[in-house]
Amino acid sequence: MSVQVLTQYFTQYGAIFVFVIVLLEYMNLPGFPAGVIMPLAGIWAAKGAISFPMVMLLSVAAGLLGSWILYFLGRLGGDAFFRFYVRKFPRQKELIEKNLEALRRRGAVGVFLGKLVPMIRTLISIPAGMISMEFGRYTLSSALGVLVWNTVFIGAGYMMGDTVWRIFA
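One structure accompanies this document, and this report is about it. (Residues numbered from 1 in each chain as written. Predicted model: local features only at pLDDT ≥ 70, side-chain atom pairs only at ≥ 80, totals over all residues. Heavy atoms only, no water.)

### Re the packing of helix H2 (residues 15-26) against helix H4 (residues 52-88)
At a closest axis distance of 8 Å, the pairing of H2 and H4 adopts a crossing angle of 30°. Both H2 and H4 take part in a crossing whose hand is right-handed. Taken together, the residues of H4 that come into contact with H2 (itself represented by Ala15, Phe19, Val22, Leu23 and Tyr26) are Leu58, Ser59, Ala61, Ala62, Gly63, Leu65, Gly66, Ser67, Ile69 and Leu70. (Axes fitted to C-alpha atoms, helices over the stretch in contact; angles between N-to-C directions. Helix = DSSP H or I, 4+ residues; strand = E, 2+ residues; numbered from the N terminus. Left-handed = near helix turned anticlockwise from the far one by under 90°. Contact = heavy atoms within 4.5 Å.)

Here it is in structure tokens:
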């Protein structure tokens, strides 16, 4: 998807576009690059089309909702999927169990830190659900991690605003 197409969607659908794309990205669906969408949302805010706090609110709400969906998928079906997966890939069993145990030990801090690492940030929700992490602690640590991650990307777009716009437009 080109920058011009994304810009057209921002203009046509507004804030709902930001919410939906960030939601899908946090659900780990391929083709929804937050590394592109979020800076564009920041640029969009810098141009005055939407306020920076509103973009942040929408992106954190979408990220948290996507994280909750994966958390509950892990909680409701994670064990069955794990059993299926290790039957297909038995060499992975020990590594996965080791990582689940590490998440149990680190708890909310592990989720927060996981939300700051590419790839892990969307996937950490599933094992958090699998180990039945307390939902309130999971939500708080996820929200803080999502807030930090989104602030970096949206803030970069906001701070560079017109400079980036001139390069890509």
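### Section: the pattern of salt bridges
Counted by the stated rule, this structure contains 2 salt bridges. Among the salt bridges present, the one from arginine 121 reaches glutamate 25, with a minimum N-O distance of 2.4 Å. Of this pair, arginine 121 sits in helix H6 (residues 120-123) while glutamate 25 sits in helix H2, and the two are 96 residues apart along the sequence. Measuring nitrogen to oxygen at the nearest pair gives 3.5 Å for the salt bridge that ties arginine 104 to glutamate 101. Taken together, the residues span about one helical turn, with arginine 104 and glutamate 101 both in helix H5 (residues 93-114) at a distance of 3 residues. Note on arginine 104: relative accessible area 45%, which makes it partly exposed. (Salt bridge = Lys/Arg side-chain N within 4 Å of Asp/Glu carboxyl O. Buried < 20%, exposed > 50% of the residue type's maximum accessible area, 1.4 Å probe, protein only.)

### Considering the environment of isoleucine 16
Residue position: isoleucine 16 is located in helix H2. Classification of isoleucine 16 as exposed rests on a relative accessible area of 52%.

### Description of the packing of H4 against H5
Across the interface, H4 lies against H5 with an axial gap of 10 Å and an inter-helix angle of 150°. Side by side, H4 and H5 meet where Phe82, Tyr85 and Val86 of the first sit next to Lys93, Ile96 and Glu97 of the second. Of the residues assigned to the contact of H4 with H5, the class counts are 4 nonpolar, no polar and 2 charged. (Nonpolar A, V, L, I, M, F, W, Y, C, P; charged D, E, K, R; others polar.)

### Details of H2
Every α-helix carries 3.6 residues per turn, so stepping three or four residues along brings you back to the same face. The first and last C-alpha atoms of H2 sit 17 Å apart over 12 residues, in line with the 16 Å expected at 1.5 Å per residue. Taken residue by residue, H2 has Phe17, Val18, Ile21, Val22, Leu23, Glu25 and Tyr26 as its buried positions. Of the residues trailing H2, asparagine 28 is marked for its positive phi of about 65°. (Expected span 1.5 Å × (residues − 1).)

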